[in-house]
Amino acid sequence: MSDRLQKLAAADDGFFVLALHSRAEALMKERLGIENQFIDFGELVRRFLTKWIEAGNVVNREPFYQLKDEHFISNAVRHEFKKLSSQEAMASAKIFYSFLQELKLEHEVEFRAIPQLFRSWDDHAWTFVPVSQFKNLKEENTELKSKNKDIFAKYTQLKDKEDKQTLLNIDVQRQQLIIADLEKRLKHKDSKYDEKRTELAKANFELQRLLKDKNETAESMQELAGLRQYLNNVKRMALYSQTRRAHERQLMRLTPEQEALATQLPLDRDTLIRGSAGTGKSLVLIRLLGRILTPPRDSLDFGQAPAKVILLTYTKSLTKYNLYISKLFDTAITPETIVTVDSYLLSLVKKAGLIPYSSGWQYAWDSDTELKAQLKATPLDLTPAELKKELDDLIWGWGLTLDEYLDFERKGFKKPLGRKERLAVWSLNEELIKTMSQKKLFSPAYLLLQLKSQLSKLEAEQVDYLLLDEAQDLSPVKLEILHSIAKKGFIAAGDSDQSLYQSLSPFARAGIDIRGGKTRVLHTNFRNTEPIHRFAETLRARKVAYDQTSAPQAFRDGPSPEVTMAENGEALKPLFLQKLKVYLEEFEYEPETILVLHPDEKSGLNQLLEDEGIQYKNLADEDFDFAQSKGVRLTKFPSAKGLDFPVVLVYWHHVFSATGLGEDAKEVYLRNLLYVASTRAMEHLDIFVGPSDPFAEELEELGRGE
């Protein structure tokens, strides 16, 4: 690094960033042969990138785009003497160094020392960065938003005026060139001298009109100055977070605690990997999968068949995502190696001969009138939905005997049941089993209970290792079946605070011993920025039975989560749309990096996106592919488990609730649902809520930073 750059890096972060951009500008102009010509920085980057590609260079465009996006920060230093943080300077150094790598200049003496400026990132900054780096920006944004609650409602108006101002600037420059040319021509008198003078007068008149229009537009933009400042502040924080995350992923390296688990965890035993959202449980499982499939070079197991292993996930979306991540880590797997729990259990039910191979899961309750009638005919004060939950989730899901059921603590259920009522439920249970057996039409939960009693039929299906993701939502019966499939090692990952469907721990019931050293905990959240992490942890800390032993830490600073409230869906949707456009147009996020979470199709977001011409793709679609599918990602809340996206918009309006749960259990369920949704966000989190929606007041307070 040159002496001048080194001195600036040590003295003033803002002027250091300005110097880096000036040096980048000089390097590009030099190669374009326009050293003394004024040109807009964005246009300079575009021209240089075009020429560089035309010259046959293989280019990673990202550093060029980042350099262009970041240039407004150096302008703020140049024109407004804005003060920058040390982390922003570090991010700028990283972008500049990536730019140098594309130009093959990183080894030049002038630039060799630059990587030292962001070296702390190589170790994931375990000396955690103070989260006060952007304190002033956040305080300024809080004040700006307090003065204008619906600040983003004027985004379209701002963009229209800025576009007009840009066009006026171009017209003014063009008119000034015309006038300069006419004045030059007037120095030589000829027969058209008077005609030229008249033309010059008209040109000056047109210039004055343009300048007047430009000034009026600038004055009218003053009322929108707060929104522009707000957006610039968010963009500054986002650029740092994006650059830091890109560096982390470029390393393709686990954190020290993840690496320790992935490389040192004993494989030949039962193990539970616990950790909150963002701590990398799924990532560790993928690395363990690679470790099993790729024995060490010094292994003495010559001639032995490769280990049989399977990784089971919670949803189809997570299956596709894990396959995608596995490819990034160069783990040689087939699509059959990573499948959903439900599809795998269905295959086992078929192989045990309990249903024909041509059948899918049979939802007996929904398809048979006699079974429906039996549910409705019960004298108990339980709805058919509550009875189904009692049978599926409790009696069959836990594999209870009558004696066990009579004494079982029905934690989380809405209506208490005494001995008399439980005996009546058990009687109905026996009647329904007879009807299902006669019709050969079964509930999935009952089929799995039957399979549990016939595990000897599955010996041929056993694998050496079974890895299980999001294990917290599985019933004891499912866990026991899956545990029996693993001959050598059963490794599960989960977080009780992300559980959507369990209120009691099922592992002991399934005969899986995860006590003591068999449970390992991940403590560092590397997915979320610190503000998103703090927001989500505050949400879950206010619920009953919060598991503080798995409370993690986060280290990247970034923009604060935004909460937008409106009276109803019709008022909320335009605000949602404006914010989505901010990310697409203002911050220039690729549509594929944005995830929209909603309760279901009734939210109307599908139609809203179609009407606006915004391309989107539903994660639940059979043909969805993380690498190939284009457009904003859209999915329901439960399908988002295990995923992460730079931008997440949560449409928390008219959220469904779980049937049959008591008030405390219902709150825990909904709080977990919101926690899972919030922790999908890596850089930006936006929540859209109505005043009567769950936790509306609490969310509004958190959105204000209270």
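For the structure itself, look to the data block above.
Residues numbered from 1 in each chain as written. Predicted model: local features only at pLDDT ≥ 70, side-chain atom pairs only at ≥ 80, totals over all residues. Heavy atoms only, no water.

**Q** Explain the overall build of the protein to me, and be specific about the residues and the numbers.
**A** From N to C terminus, the protein includes 25 helices and 14 strands. Taking all 706 residues of the protein together, the buried fraction comes to 53%. Counting only contacts in the protein whose residues sit at least 6 apart along the sequence, the fraction spanning at least 24 positions is 77%. Total accessible area computed for the protein in this model is approximately 33100 Å², and 50% of it derives from carbon and sulfur atoms. (Helix = DSSP H or I, 4+ residues; strand = E, 2+ residues; numbered from the N terminus. Buried < 20%, exposed > 50% of the residue type's maximum accessible area, 1.4 Å probe, protein only. Contact = heavy atoms within 4.5 Å. Areas by Shrake-Rupley, 256 points an atom, 1.4 Å probe, with all protein chains shown as cover.)

**Q** Please give an account of the packing of aromatic side chains that cites residues and values.
**A** In this structure the tally under the stated criterion is 15 aromatic pairs. With centroids separated by 6.2 Å and ring planes inclined at 35°, the aromatic side chains of phenylalanine 96 and phenylalanine 99 adopt a geometry described as tilted. Of the two residues, phenylalanine 96 and phenylalanine 99 are both situated in helix α5 (residues 86–102); the distance of 3 residues between them amounts to about one turn of the helix. Per residue, the accessibility class of phenylalanine 96 equals that of phenylalanine 99, and both read buried. An aromatic cluster is defined as three or more aromatic residues linked by ring pairs; in this entry it consists of Phe48, Trp52, Phe64, Phe96, Phe99 and Phe111. (Phe/Tyr/Trp six-rings, centres within 6.5 Å; stacked < 30°, edge-to-face > 60°.)

**Q** Explain the pairing of strand β9 (residues 562–565) to me, using residue names and the numbers behind them.
**A** Residues of β9 alternate between two faces, with Glu562 and Thr564 on one and Val563 and Met565 on the opposite face, all of them buried. Here β9 pairs with strand β14 (residues 681–689) via 4 bridges, running parallel. Paired with methionine 565 across the bridge in β14 is valine 689. (Pairing = 2+ DSSP bridges.)

**Q** Lay out the sheet that holds strand β4 (residues 463–468) in plain terms, naming residues and giving numbers.
**A** Across the sheet, which stays open at both edges, the 6 strands sit in the order β3-β2-β4-β5-β1-β6 with parallel pairing between neighbours. The open sheet has two edge strands with one neighbour each: β3 (338–340) and β6 (519–522). Sheet twist, expressed as the mean angle between neighbouring strand axes with direction ignored, is 20°. Both strand β1 (residues 270–275) and strand β5 (residues 486–494) contribute to a ladder of 5 bridges, which runs parallel. Residue aspartate 270 lies in a different strand from β5, and its bridge partner there is phenylalanine 490. Packed on one face of the sheet, helix α13 (residues 341–351) meets β2 (309–313), β3 and β4 and runs near 85° to β3. (Axes fitted to C-alpha atoms, helices over the stretch in contact; angles between N-to-C directions.)

**Q** Would you mind going over the sheet that holds strand β12 (residues 632–636) in detail, with residue names and values included?
**A** The 6 strands are arranged β9-β14-β13-β10-β12-β11 in an open sheet whose pairing can be described as parallel. Unpaired on one side and paired on the other, β9 and β11 (616–618) mark the two borders of the sheet. Each adjacent strand pair in this sheet contributes to an overall mean axis angle of 20°, direction not counted. Together, β9, β13 (645–652) and β14 form the strand contacts of helix α25 (residues 696–703), whose direction differs from that of β9 by roughly 135°.

**Q** Before we move on, could you go through the packing of helix α2 (residues 13–32) against α5 and cite the residues and values that matter?
**A** At a minimum axis distance of 9 Å, the contact between α2 and α5 shows a crossing angle of 15°. By the angle between their directions, the pair α2 and α5 is classed as roughly parallel. Helix-helix and strand crossings are classified by hand; for α2 and α5 the assignment is left-handed. In this structure, α2 uses Asp13, Phe16, Val17, Leu20, His21, Arg23, Ala24, Leu27 and Met28 to contact α5, whose residues at the interface are Ser86, Glu88, Ala89, Ser92, Ala93, Phe96, Phe99 and Leu100. Of the residues in the contact of α2 with α5, the class split is 11 nonpolar, 3 polar and 3 charged. (Parallel < 35°, antiparallel > 145°, perpendicular 65-115°, else oblique. Left-handed = near helix turned anticlockwise from the far one by under 90°. Nonpolar A, V, L, I, M, F, W, Y, C, P; charged D, E, K, R; others polar.)

**Q** I'd like a rundown of helix α19 (residues 444–452), residues and numbers included.
**A** By the criterion of burial, α19 is predominantly enclosed, with 7 of the 9 residues buried. Where α19 is buried, its residues meet α13, α16 (384–396), α18 (419–439) and α20 (476–485).

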